[in-house]
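Chain and residue survey
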Amino acid sequence: WGVGSDDINYDTMYLVDAEGDVITAFQNGEVFDVPADTYFGRALERTLSELPMNGESFGVLSSLVETPQGLAVMAAAPILATSDDIRIPTPRPNVLIFSKQLTPPLLAKMSEQYIVDALAIAPIRSRAEMASDTALLDHWGNPVALASWQARHPGDLASQSYRFSALATILERDAVGCDASR
């Protein structure tokens, strides 16, 4: 069923049958022996129950999921024949699942790419946090984490630049004043 890779788009790949039993799995290009239901938890069962499994229809489900290694983005889809001449050997198709951990280096890259300063994700610790405007929801509407970032206001960069210039001018003036007083 293929070879794992250390692709930049995903770090974990599972190929499971319609019941979620692992056919093969890789993480960071290496064989991965953690059962899919252990790794994805209840999200696996819910995903498999929502995907079209008639062997003819295609569908994709993506969600944030909590894994033993932390929060990840997951996407799953049934594997279908590419031609009418090819018959799927089982009545229900196998499912390909990719996931990517939302690690601090990845969040830092996203923060830079989308100009969202200090993007971070933290676990939800209380009921109040579950209702927060910054709660991240899974595909089924359940809060799974909190997002945070440094607020940016119009003029912040200009203000920082101005403050630096003003500070540099004051320091230069004081230094020149010190030299002139000698």
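Numbering of residues starts from 1 in each chain and follows the order in which that chain's sequence is written. Predicted model: local features are reported for residues with pLDDT of at least 70 only, side-chain atom pairs are reported and counted for 80 or more only, and whole-chain, interface and lining totals are derived from all residues. Each side-chain value is worked out from all heavy atoms of the structure, with water and hydrogens disregarded.

Labels follow the DSSP assignment, with helices taken as runs of H or I lasting at least four residues and strands as runs of E lasting at least two, numbered in each case from the N terminus. Scanning the chain for helices and strands turns up five helices and nine strands. Burial classification: accessible surface area is computed with a 1.4 Å probe over protein chains only, and a residue below 20% of its type maximum counts as buried, one above 50% as exposed, and the rest as partly exposed. Taken over 182 residues, the chain has a buried fraction of 29%. Whether two residues are in contact is decided by their heavy atoms: any pair within 4.5 Å suffices. The long-range share in the chain, meaning contacts at least 24 apart out of those at least 6 apart in sequence, stands at 50%. If you sum the accessible surface of the chain, you get close to 12,000 Å²; carbon and sulfur atoms cover 55% of it. For the accessible areas, the method is Shrake-Rupley and the probe is 1.4 Å, while residue cover comes only from the protein chains on display.

Okay, unusual backbone geometry next. Peptide bonds are, in most cases, trans, and in most cases residues other than glycine have a negative phi. The backbone of N28 sits at a positive phi, close to 50 degrees, despite the residue not being glycine. Note on placement: N28 falls in the loop between β2 (22-27) and β3 (30-31). Located in the positive-phi region is I115, a residue other than glycine, with phi close to 55 degrees. Position of I115 among the secondary structure elements: in the loop between α3 (104-113) and β7 (120-122).

Before going further, it helps to spend a moment on the sheet that holds β2. The criterion for strand pairing is that DSSP finds at least two bridges linking the strands in question. Pairing is antiparallel across the open sheet formed by six strands, whose spatial order is β3-β2-β1-β6-β5-β4. A strand with exactly one partner marks an edge of an open sheet, and here the two such strands are β3 and β4 (61-67). With seven bridges joining them, strand β5 (residues 70-78) and strand β6 (residues 95-101) adopt antiparallel strand pairing. Within β6, the position partnered with P78 by the bridge is V95. To obtain an axis, a line is fitted to C-alpha atoms, over the contacting stretch when the element is a helix, and the angle between two such axes runs from 0 to 180 degrees between their N-to-C directions. Packing of helix α2 (residues 42-50) onto the sheet brings it into contact with β1 (12-16), β4, β5 and β6, and relative to β4 it is tilted by some 170 degrees.

Among the nine residues of β5, seven are classified as buried, and the element is accordingly described as predominantly covered. Two elements, β4 and β5, share seven bridges in a ladder whose sense is antiparallel. Paired with V65 across the two strands is A72, which belongs to β5. In textbook terms, the turn of a hairpin is the stretch between consecutive antiparallel strands, and for β4 and β5 this stretch comprises two residues.

Turning our eyes to something else, we now look at the sheet that holds strand β8 (residues 135-137). Taken in spatial order, the three strands make up an open sheet running β7-β9-β8, and their pairing is antiparallel. Each end of this open sheet is capped by a strand with a single partner; those strands are β7 and β8. The average undirected angle you get between the axes of adjacent strands in this sheet is 40 degrees. Pairing of β8 with strand β9 (residues 143-148), which is carried by three bridges, proceeds in the antiparallel orientation. Pairing of L136 across the sheet is with A145, part of β9.

As for its placement among the helices and strands, A131 is situated in the loop between α4 (127-130) and β8. For the pair formed by A131 and P143, sequence separation is twelve residues and the distance between their alpha carbons is 8.0 Å.

Here we come to the confidence of the model for the chain. Taken residue by residue, the chain gives an average pLDDT of 83. The fraction at 70 or more is 77%. Here helix α5 (residues 156-180) stands out as the least confident element of the chain, with mean pLDDT 57; helix α1 (residues 36-40) is the most confident, with 97. Per residue, pLDDT measures the predictor's confidence, with a range of 0 to 100. Contacts from residues 178-182, a stretch scored under 50 in pLDDT, to residues over four places away or in other chains number zero contacts.

Attention now moves to the nonpolar core. Here, the term nonpolar core denotes a set of buried Ala, Val, Leu, Ile, Met, Phe, Trp, Tyr and Cys residues that are joined through side-chain atoms within 4.5 Å. Ranked by size, the top nonpolar core spans 21 residues in total, and within it Y14, V16, F40, V95 and I97 carry the most contacts. Where this core is concerned, the elements lending two or more residues are β1, α1, α2, β4, β5 and β6. Those residues in contact with V95 that sit more than four places away from it in its chain are Y14, L15, V16, L48, L51, M53, A76, A77 and P78. By size, the runner-up hydrophobic cluster in this structure holds five residues, among which are L64, L71, L102 and A145.

With that settled, consider the pairing of β2. Sheet analysis places β1 next to β2, joined by five bridges and oriented antiparallel. By the bridge assignment for β2, T12 is matched with Q27. Where β1 folds back on β2, the antiparallel hairpin that results is connected by five residues, among which G20 adopts a positive phi of roughly 95 degrees. Across two bridges, β2 lies against β3 in antiparallel orientation. Bridging across to β3, Q27 finds its partner in E30.

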